[in-house]
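Residue-level structural notes
Each chain, letter by letter, is given below.
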Amino acid sequence: MGGRYSFFPGLAFLVLGFLGFVILPAADAAVKKYQFDVQVKNVSRLCHAKPIVTVNGMFPGPTIYAREGDRVIINVTNHAQYNMHGIKQFRNGWADGPAYITQCPIQTGSSYSYDFNITGQRGTLWWHAHILWLRATVYGALVIMPKLGTPFPFPQPYSEVNIVLGEWWNKDVEALVKQGNSLGLPPNMSDAHTINGKPGPLFPCSEKHTFAMEVESGKTYLLRIINAALNDELFFAIAGHDMTVVEIDAVYTKPFTTKAMLIAPGQTTNVLVQANQVPSRYFMAARPFMDAPLPVDKQMAAAILQYRGVPNTVLPTLPQLPASNDTSFGLTYNKKLKSLNTPQFPANLPLKVDRNLFYTIGLGMNPCLTCVNGTRLTASLNNISFVMPSIGLLQAHYSKIKGVFRTDFPDRPPTPFNYTGAPLTANLGTSQGTRLSKLAFNSTVELVLQDTNLLSVESHPFHLHGYNFFVVGTGIGNFDPAKDPANYNLIDPPERNTVGVPTGGWVAIRFRADNPGVWFMHCHLELHTSWGLKMAFVVEEGEGPDQSVLPPPKDLPPC
């Protein structure tokens, strides 16, 4: 396995191993420099040891720390690309990271520096590999503090803790994926979920592989929670303790208190937790949410919240998580998410829409002579399964290289139908192509993402690179353009970069296309992304001096 990982063909992720920072002469901005070395390391979990890909030998990888306004330079050595998940990368898609979207892979033994500014953002984001399924082990937190002297819009916590949720496979993940692809079927699901890389004591051989955080009675703690799992939305709760949600995807929210939370792959959530219970040991636990007729792992990953002075011999109590198929909890929880929308942190929602888009999400089957039953499972938007190019789309766009992609991605599906009616099991073939949608600079866009019952309904977390967007509406069933917009939240809708399309339902988002370049949009379930559930927008340049794509860096990896 070590030999197979001597070259990573396009690992796209944000990675930083902290080296330090250099203060600029002016004001409070700084340059934060990190070195990320991609390494294979032997790691043991669940009584199984195997070599995995890591950054700087760490699993999960190192946390990136910066402040709003900082410049960050991440030098990646070896064979990987990194995605700064949620960083807007204004005019600078070269630092975004997805392989063959904004760059080609870093060749063996070479380096590439992701150089970007953090502008107008503060909160919790994350970085991860963005090629194949390598983000199974290559991921970490990205913490952006407010500018010096700018307080949080909520009570200052005594301390902060990162809680990064993930997945673990006992076997070689890439070998499982290749086997699944050869059969035209999904690979085996993960063997466990993890909290900060550790499954917790409810799994075999995991007593020492349990994350624990110590708290002091009467103190308040900020938990920065990230769902880095590849294929599962997750419930999360702490036994005996309420959580107050104050931020999602690095955007402040109106605070609300909950006993459990739901977080989709790609999303982040900051919560305040008060250590106000009887001093003891309490489990923090995560378990998948799945309300479609599909198999799901119902085991709980667990970590421990331990009050200072309590001995380790005290048995922790378990939290009560919602049932694995609790649709009602998920819909109710997401409805509580609202932008803070204050003068200091406004919700700059587009009220006038220039372009209306309607994309259907579907599973499908295409012919495959070597696959089981002669078919391969696929996924599509508007019945198009995206085909990855062999050169970076941004490079092709910037250098005007013809023949790499087309800009005729349709604004709506080719044929309307009863999207969420009875399961459709015939005519499941999809078209294939590298087709992008062109957006005029500074135009306002409303995009409705509609789940369908092609093979099966299912929830889908969608992530848009280069932008935040406002979630103005959501519902179950078919979107009704005549009635549903009347129920939009146009006052304080949640602003985020990843949104869950509910099972058998729809979601409507709005954004202003003011960041020129090529920007990837994809389902953040790695299985579906690999099946083609993705596309990209080409945002045209404006006429002003700051309305064009920056020139590519000199060390951009060659194709």
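Please refer to the structure higher up on the page.
Below: a short report on this structure. Only a predicted model underlies this, so the values are computations on that prediction, with no experimental measurement involved.

1. Regarding the pairing of strand 11 (residues 192-195)
- The alternating pattern of strand 11 places Ala192 and Thr194 on one face and His193 and Ile195 on the opposite face, and all of these are buried.
- Bridge count between strand 10 (residues 159-168) and strand 11: four bridges; the pairing is antiparallel. By the bridge assignment for strand 11, Gly166 is matched with Thr194.

2. Describing the nonpolar core
- One finds Ile163, Leu165, Met213, Leu223, Ile225, Phe236 and Met284 to be the most contacted residues of the largest nonpolar core, which totals 42 residues.
- Discounting chain neighbours no more than four positions away, the residues touching Ile225 are Ile163, Leu165, Phe236, Met261, Ile263, Gln267, Thr268, Thr269, Asn270 and Val271.

3. Quick look at the sheet that holds strand 16 (residues 251-258)
- The strand order across the open sheet built from six strands is 11-10-13-18-15-16, with neighbouring strands paired in mixed fashion. Two strands close off the open sheet at either side, each with one partner strand: strand 11 and strand 16. The sheet shows a mean angle of 25° between the axes of neighbouring strands, taken without regard to direction.
- Two strands pair when backbone bridges link them, and strand 13 (residues 220-227) and strand 18 (residues 268-274) are joined in this way by seven bridges, in the antiparallel orientation. Within strand 18, the residue paired with Tyr221 across the bridge is Val273.

4. Let's talk about the pairing of strand 33 (residues 534-539)
- Burial of strand 33 is extensive: six of the six residues sit out of reach of the surface.
- In strand 33, alternate side chains face the same way, and those of Lys534, Ala536 and Val538 on one face and Met535, Phe537 and Val539 on the other are all buried.
- By the bridge criterion, three bridges tie strand 25 (residues 437-439) to strand 33 in an arrangement that is parallel. Residue pairing for strand 33: Ser437 is matched across the bridge by Phe537.
- Strand direction decides the pairing type here: strand 32 (residues 517-523) and strand 33, joined by six bridges, are antiparallel. Paired with Val518 across the strands is Val538, a residue of strand 33.

5. What to know about a nonpolar patch on the surface
- A grouping of Leu183, Leu185 and Val372 is seen on the molecular surface, where their side chains present a nonpolar patch of about 200 Å² in accessible area.
- Along the chain, Val372 turns up in the loop between strand 21 (355-367) and strand 22 (375-381).
- The exposure class assigned to Val372 is partly exposed, which follows from its relative accessible area of 35%.

6. A look at helix 1 (residues 173-183)
- Burial in helix 1 covers these residues: Val173, Glu174, Leu176, Val177 and Gly180. Projection of helix 1 onto a plane perpendicular to its axis shows the buried side chains occupying an angular sector of 155°, all on one side.
- Buried residues along helix 1 sit in contact with strand 3 (48-55).
- N-cap assignment for helix 1: the residue whose side-chain oxygen lies 3.1 Å from the backbone N of Glu174 is Asp172.
- In the segment just after helix 1, Gly184 is the residue with positive phi, at about 75°.

Definitions and limits used
Residues numbered from 1 in each chain as written. Predicted model: local features only at pLDDT ≥ 70, side-chain atom pairs only at ≥ 80, totals over all residues. Heavy atoms only, no water. Buried < 20%, exposed > 50% of the residue type's maximum accessible area, 1.4 Å probe, protein only. Helix = DSSP H or I, 4+ residues; strand = E, 2+ residues; numbered from the N terminus. Pairing = 2+ DSSP bridges. Core = buried A, V, L, I, M, F, W, Y, C linked by side-chain atoms within 4.5 Å. Contact = heavy atoms within 4.5 Å. Axes fitted to C-alpha atoms, helices over the stretch in contact; angles between N-to-C directions. Patch = residues over 30% accessible without salt bridge, like charges linked within 9 Å, V, L, I, M, F, W, Y side chains within 5 Å. Areas by Shrake-Rupley, 256 points an atom, 1.4 Å probe, with all protein chains shown as cover. Salt bridge = Lys/Arg side-chain N within 4 Å of Asp/Glu carboxyl O. Arc of directions from axis to C-beta. Polar contact = N/O pair within 3.5 Å; in protein donor to acceptor, adjacent residues only side chain to side chain.

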